[in-house]
Amino acid sequence: KNEVEQSPQNLTAQEGEFITINCSYSVGISALHWLQQHPGGGIVSLFMLSSGKKKHGRLIATINIQEKHSSLHITASHPRDSAVYICAVLSGNTPLVFGKGTRLSVIA
Amino acid sequence: EAGVAQSPRYKIIEKRQSVAFWCNPISGHATLYWYQQILGQGPKLLIQFQNNGVVDDSQLPKDRFSAERLKGVDSTLKIQPAKLEDSAVYLCASSLAGPTGGYTFGSGTRLTVV
């Protein structure tokens, strides 16, 4: 079974800072998801990637398949970015395996 | 496109009571998932449906949890009787083409068992 580790567990940043959240996994995957979860509990899918890099607005996700590692970057962070960011990986046709999440707080 | 709808948003019940959650997936999404997310942890898959058939329910505590998707669209998840440790967010998600497709999650139902 794939083990997904995220770091850091908690992160506090000042508004405007560049933020990096890391995700490592133990077994080869076919795709990796970055998800955002707000305090109410709902989850929004940010990215699904299997190689390289994707960018959407101030968010950038990268993945290194050989190193089994992905990063989520937020540029010019804002208080509305405060949320839990979850990494989830897909291997073949097995269910998603989720990390425990990184709780981000951005302070104005 | 409308998202995945879940209700209720919040529910508080006493232990040993019953509770049911409802999910309406994105139109046309054949695959539907129920997840349980305990505070501080990532979501855990409870059950996966493909249309109205169960694909994976290996982590569903079948002595107290049940789920159905009778017409291959809406789904309900029931807990009977509830225990304190069932307090969690219950998330529904759907995808067009199984696990390899993109996922859309609902807003979740936050259950508190007292």
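Residues numbered from 1 in each chain as written. Chains lettered and ligands numbered in written order. Predicted model: local features only at pLDDT ≥ 70, side-chain atom pairs only at ≥ 80, totals over all residues. Heavy atoms only, no water.

1. Things to note about the overall build of chain B
Stated precisely, the cut-off is as follows: Runs of H or I in DSSP of at least four residues are treated as helices and runs of E of at least two as strands, each being numbered from the N terminus. As defined in this context, the radius of gyration uses C-alpha atoms, and a globule is described by 2.2 Å times the residue total to the power 0.38. We call a residue buried when its accessible area falls under 20% of the maximum for its residue type, exposed when it is over 50%, and partly exposed in between, using a 1.4 Å probe and counting protein chains only. Whether two residues touch is decided by their heavy atoms; if any such pair falls within 4.5 Å, the residues are in contact. Using a 1.4 Å probe, accessible areas were evaluated by the Shrake-Rupley method; residue-level cover was limited to the displayed protein chains. Under this rule, positive means Lys or Arg and negative means Asp or Glu; His and the chain ends count for nothing. The location of each charge is read from NZ of Lys, CZ of Arg, CG of Asp or CD of Glu.
A tally of regular secondary structure across chain B gives zero helices and eleven strands. The helix and strand sequence of chain B, counted from the amino end, reads β-β-β-β-β-β-β-β-β-β-β. Radius of gyration (C-alpha) of chain B: 13 Å, near the 13 Å computed for a compact globule of 114 residues. For chain B, the spread of C-alpha atoms along the three principal axes comes to 40 × 25 × 25 Å. When each of the 114 residues of chain B is scored for burial, the buried share is 46%. Sequence-distant contacts in chain B: of pairs separated by 6 or more residues, those separated by 24 or more amount to 53%. Carbon together with sulfur atoms contributes 51% to the accessible area of chain B, which is approximately 5400 Å² in total. Both charge centroids of chain B, one from 12 positive and one from 9 negative side chains, sit 5 Å from each other.

2. Considerations on the interface of chain B and chain A
Our working definition: As used here, buried area is the combined drop in accessible area, with a 1.4 Å probe, of two parts when they are placed together. By definition, a salt bridge exists where a carboxyl oxygen of Asp or Glu is found within 4 Å of a side-chain nitrogen of Lys or Arg. Think of it as three bins: nonpolar holds Ala, Val, Leu, Ile, Met, Phe, Trp, Tyr, Cys and Pro, charged holds Asp, Glu, Lys and Arg, and polar takes everything else, Gly as well.
At the junction of the two partners, chain B supplies 22 residues and chain A supplies 20 residues. Of the roughly 1500 Å² buried between chain B and chain A on both sides combined, carbon and sulfur atoms contribute 60%. Joining chain B to chain A, the criterion identifies zero salt bridges. Listed by contribution, the elements that provide at least two residues to the side of chain B that touches chain A are strand 4 (31-37), strand 5 (44-50), strand 9 (88-95) and strand 10 (103-105) of chain B. Split by residue class, the side of chain B that touches chain A holds nine nonpolar, ten polar and three charged.

3. What to know about the confidence of the model for chain B
Condition: The quantity known as pLDDT measures the predictor's confidence residue by residue, on a range of 0 to 100.
Mean pLDDT over chain B: 92, with 94% of residues reaching 70 or higher. The least confident element of chain B, judged by mean pLDDT, is strand 10 of chain B at 87; the most confident is strand 8 (residues 75-79) of chain B at 98.

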